[in-house]
Amino acid sequence: EVQLQASGGGLVQAGGSLRLSCATSGFPFDDYAIGWFRQAPGKEREGVSAIKISDSNTYYADSVKGRFTISSDNAKRTVYLQMNSLKPDDTAVYYCAVDTASPFINLYPGVYDYWGQGTQVTVSS
């Protein structure tokens, strides 16, 4: 059974930091890409960052480059998203997901196969 559990969200002030975690089980962790996505009220779900576990290749949306860092702890089957210099525009529900089929790392939500429940991130001004 494929499971992904996102955690670590909360309320922070602008300029602050937060680290999200995605704990996974039920699939060969090293074989696939794990992505972080977010959805704010009234907006489409958008890709934030992704990591190809086998070679640690990473990809970031332009809006978070230089502020967010994705990483993995393979022994723990966990992917992290370190978020620094947070802005109110980062406020959203953040989801992690796994892509089991695509040959290329990507940030298209429709390509990802399994999703976690999401964790709320709120950045106040």
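Above this text sits the structure in question.
Source: prediction; values computed, not measured. (Residues numbered from 1 in each chain as written. Predicted model: local features only at pLDDT ≥ 70, side-chain atom pairs only at ≥ 80, totals over all residues. Heavy atoms only, no water.)

A. Spotlight on the pattern of salt bridges. Per the stated rule, a full pass over the model turns up five salt bridges. Salt-bridge contacts for R38 lead to D90; the nearest nitrogen and oxygen are separated by 2.9 Å. Here the residue R38 occupies a position in strand β4 (residues 33-39), and D90 occupies one in the loop between β8 (78-83) and β9 (92-99), the gap between them amounting to 52 residues. Considered together, R38 and D90 belong to a single accessibility category, that of buried residues. A salt bridge links R67 to D90; the nearest nitrogen and oxygen atoms lie 2.7 Å apart. Here R67 is found in the loop between β6 (57-60) and β7 (68-73), whereas its partner D90 is found in the loop between β8 and β9, with 23 residues between them in sequence. (Salt bridge = Lys/Arg side-chain N within 4 Å of Asp/Glu carboxyl O. Helix = DSSP H or I, 4+ residues; strand = E, 2+ residues; numbered from the N terminus. Buried < 20%, exposed > 50% of the residue type's maximum accessible area, 1.4 Å probe, protein only.)

B. Quick look at the sheet that holds strand β1 (residues 3-7). Overall, antiparallel pairing links the four strands, which are arranged β1-β3-β8-β7 in an open sheet. The sheet is open, and its two edges are formed by β1 and β7, each paired on a single side. Averaged over neighbouring strand pairs, the angle between their axes works out to 15° when direction is ignored. Relative to β8, β7 is paired through six bridges, and the arrangement is antiparallel. By the bridge assignment, S72 is partnered in β8 with V79. (Pairing = 2+ DSSP bridges. Axes fitted to C-alpha atoms, helices over the stretch in contact; angles between N-to-C directions.)

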